[in-house]
Amino acid sequence: MAVAEAGATPDRAPWLGPRASVWLLGFVGALLALVAWTLLSQWLATGGGVINRLPPPTKVARELWRYATGDLWRDLAFSLRVFVIGWLVGAASATVCGLLLGRVAWAGRVFLPVVEAIRPVSSIAWVPLSVVWFGFGLTSKVFLVALAVFLVVIVYAVDGSRRVPSDLARTATMLGMNGWQRFRSLILPGTLTEVLIGSRVALMAGWGTVIVAELVAADSGLGAHLIAVQQSYDVPAVMATMACFGIAGFLMNALFSTLERRLVPWRHDSADVAQ
Amino acid sequence: MIGFLHKRVLLPAAGVLIVLAIWEATVVFYKLPPIVLPSPWAVMATLAGLVGTYAFWRDVAVSLYEFVAGYAIGVVLGIAVGLLIGEWRLFRLTATPVVESLRFIVPFAWIPLTILWFGTSFTGKIVLVAYAVFFVMVVSTARAIAHVEPTLTRVGTMLGMGPWRLALRVHLRAAAPTLASAARAAAAIGWIAVVAAEYIGASAGLGLMITNAATSLATAVVIAGMIVIGLIGAGVSALIGWLARRRFDDR
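Bear in mind the structure is a predicted one, so any value in this text is a computation, not a measurement.

## What about the overall build of chain B?
In terms of regular secondary structure, chain B is built from 10 helices and zero strands. Along the chain direction, N to C, the helices and strands of chain B fall in the order α-α-α-α-α-α-α-α-α-α. Taken over C-alpha atoms, the radius of gyration comes to 23 Å for chain B, far larger than the 18 Å a tight globule of 251 residues would show. A principal-axis box enclosing the C-alpha atoms of chain B has dimensions of 75 × 60 × 30 Å. Partitioning the intrachain contacts of chain B with sequence separation of at least 6 by distance along the chain shows that 74% fall at a separation of at least 24.

## Observations concerning the overall build of chain A
Helices and strands together make up the secondary structure of chain A, namely 11 helices and zero strands. Each helix and strand of chain A, ordered N terminal to C terminal, gives the series α-α-α-α-α-α-α-α-α-α-α. Among the 275 residues that make up chain A, the fraction classed as buried is 39%. Long-range pairs, those at least 24 residues apart, make up 74% of the contacts in chain A with a sequence separation of at least 6.

## Re the interface of chain B and chain A
Listed per partner, the contact involves 51 residues of chain B and 52 residues of chain A. Broken down by secondary-structure element, the contributors of at least two residues to the side of chain B that touches chain A are α1 (2-29), α4 (89-103), α5 (111-118), α7 (150-158), α8 (163-200), α9 (206-215) and α10 (219-248) of chain B. Examining the composition of the side of chain B that touches chain A, we find that nine residues originate from one element, α4(B), more than from any other. Looking at side-chain class alone, the side of chain B that touches chain A contains 39 nonpolar, nine polar and three charged residues.

## Re the confidence of the model for chain B
Residue and element names in this part refer to chain B. Averaged over all residues, the pLDDT of chain B is 89; the fraction at 70 or higher stands at 98%. Within chain B, the element-level pLDDT minimum falls on α1, averaging 83, and the maximum on helix α3 (residues 54-87), averaging 94. The ipTM, which scores confidence in the relative placement of chains, is 0.87 for this predicted complex, and the corresponding pTM is 0.86.

## Description of the packing of helix α3 (residues 57-68) of chain A against helix α11 (residues 235-263) of chain A
All names here are of chain A. Across the interface, α3 lies against α11 with an axial gap of 8 Å and an inter-helix angle of 65 degrees. When the axis of α3 is compared with that of α11, the two are roughly perpendicular. Between α3 and α11 lies a crossing of right-handed hand. Contacts between α3 and α11 pair K59, V60, E63, L64 and Y67 from the former with P236, A237, M239, A240, T241 and A243 from the latter. A class-by-class count of the residues in the contact of α3 with α11 yields eight nonpolar, one polar and two charged.

## Considerations on the packing of helix α4 (residues 72-103) of chain A against helix α9 (residues 179-216) of chain A
Residue and element names in this part refer to chain A. In the contact formed by α4 and α9, the axes pass within 8 Å of each other and the chain directions differ by 140 degrees. Viewed along their axes, α4 and α9 adopt a mutual orientation that is oblique. Helix-helix and strand crossings are classified by hand; for α4 and α9 the assignment is right-handed. Contacts between α4 and α9 involve S79, V82, F83, G86, W87, A91, T95, G98, L99 and R103 from the first element and I187, T191, V195, S199, G206, W207, V210 and E214 from the second. Residues that form the contact of α4 with α9 fall into these classes: nine nonpolar, seven polar and two charged.

## Describing the environment of G156(B)
Residues and elements named next belong to chain B. Note on placement: G156 falls in helix α7. Residue G156 is classed as partly exposed on the basis of its C-beta count, with 19 C-beta atoms lying within 10 Å. Along the backbone, G156 and Y131 are 25 residues apart, and their C-alpha atoms lie at a distance of 34 Å. Among all residues touching G156, those that are not within four sequence positions of it are M161, L166 and V170.

## Focus on the nonpolar core
Residues V145(A), V149(A), V153(A), V129(B), V133(B), A193(B) and A196(B) are the most contacted members of the largest nonpolar core, which totals 134 residues. With 19 residues, α8(B) is the largest single contributor of residues to this core. Apart from the residues lying within four places of it in its own chain, the contact partners of A193(B) are P107(B), F108(B), L128(B), V129(B) and A132(B).

## Notes on the environment of I192(B)
Position of I192(B) among the secondary structure elements: in helix α8. Those residues in contact with I192(B) that sit more than four places away from it in its chain are S122(A) and I124(A).

## Things to note about the environment of G70(B)
Residue and element names in this part refer to chain B. Inspection of the secondary structure assignment puts G70 in helix α3. The exposure class of G70 is buried, given the 28 C-beta atoms found within 10 Å. When the C-alpha atoms of G70 and F135 are compared, they prove to be 13 Å apart, with 65 residues separating the residues in sequence. Setting aside residues up to four positions removed in sequence, G70 forms contacts with K125, I126, L128, V129, A130, V133 and G190.

Procedures and definitions
Residues numbered from 1 in each chain as written. Chains lettered and ligands numbered in written order. Predicted model: local features only at pLDDT ≥ 70, side-chain atom pairs only at ≥ 80, totals over all residues. Helix = DSSP H or I, 4+ residues; strand = E, 2+ residues; numbered from the N terminus. Rg over C-alpha atoms; globule rule 2.2 N^0.38 Å. Contact = placed C-beta atoms within 7 Å. Buried ≥ 20, exposed ≤ 12 C-beta atoms within 10 Å, placed from the backbone. Nonpolar A, V, L, I, M, F, W, Y, C, P; charged D, E, K, R; others polar. pLDDT = per-residue confidence, 0-100. Axes fitted to C-alpha atoms, helices over the stretch in contact; angles between N-to-C directions. Parallel < 35°, antiparallel > 145°, perpendicular 65-115°, else oblique. Left-handed = near helix turned anticlockwise from the far one by under 90°. Core = buried A, V, L, I, M, F, W, Y, C linked by C-beta atoms within 7 Å.

Structure below.
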């Protein structure tokens, strides 16, 4: 055992000091990518290849700045509102359904196969139907996001409601807990832990659904802006809006990862299975 | 045997029947017009009718072609770059910021740009699927390589393997089961990226089929299309799972 651990230490010694080399090389990599992008855009502009619309990074940055000092915040607020409402509705209904299907044996056997049959139909495939049902407004997008989050979180909720550690269950019996007490202090906390992790995993699915829903039913939000600038062939603005989507997704993920590390530190590492 | 039949066949069948009955009852009770919600029978009849048409199979073939081409490119490039990131520290440190910042731009956000660049052609969707699959594979390959049992590396080194043979013969093989499950997850994402791209700009494909049906309020066709999309998605995922199991069961 000791031998294995000695051998597992990093084999290549960094030549700059670990921190500095990470930052420096990362900076060099980003710089190289930007230089390559600039050169590529110039080569394509002079009639190089099939793509004749690749703006240089400076142009995209300028467009990003213009958007950030203008309509970005209004559009972002629209998209985030859809996302947050849908996410809360989806996670809450998945918790309730998960507890029911996980703890009531016959309900689980009867209805879990139905859930499993619906799960492969991604929420994205529901977009046209949702437009038929709810139109182009807020309801339709909230429905889609809630569905996306539900389909991910339900799996975690069922799992969490079933996975009660046996020593805790025996302790509860020994303490003479009744059904309600067991539910409150044993089953519910375990389920909510898994729901929290599932909600983090569902973050990107939900955010992706917001994008597609807004692209198709384009009346407001970042996605609608993206379609609008696309239809005016404004490539720098398209790329700037994409960057906004990326930054927003990154910030949400970082926020939730921090939250998860604080609230359920013992479960943090195993959470990245399904992206 | 009876218990198995009861638990695995009868109860799930009961569940499906209950859901279909609730669906049918809702349609009948509220007298919903087929534009809002067609009855399950109408959907099945529509599906049966679609299966007999040439246009339906052309849409299926177009979507599948775009998916398979993009998926193959994305998996191969993704594993290659992921392997480089996992094995070569210098490359890992330089590439990480670029990979990490692109990773958060979900593939769907690329759809309008691929349309500007490639029009409504197949190429745009192939690029999109490749992009979606690529990032899933890069991240999981790099992670799997980093978690390869260090004993294996030492055994390989002891046997006189150089870094290339170590990477290809030992690390990649040790990581293969993880890569198989990543490939499965990537297939689900890639398939749905095709459908989403076809909503916004396409000349054929299942996504276009159901948006067109939605525009003309042919709701039965929309639901039938969703079922087909779900079946193909599940089928692709099962196929990759089956291939992986056949390959790695002996471990």
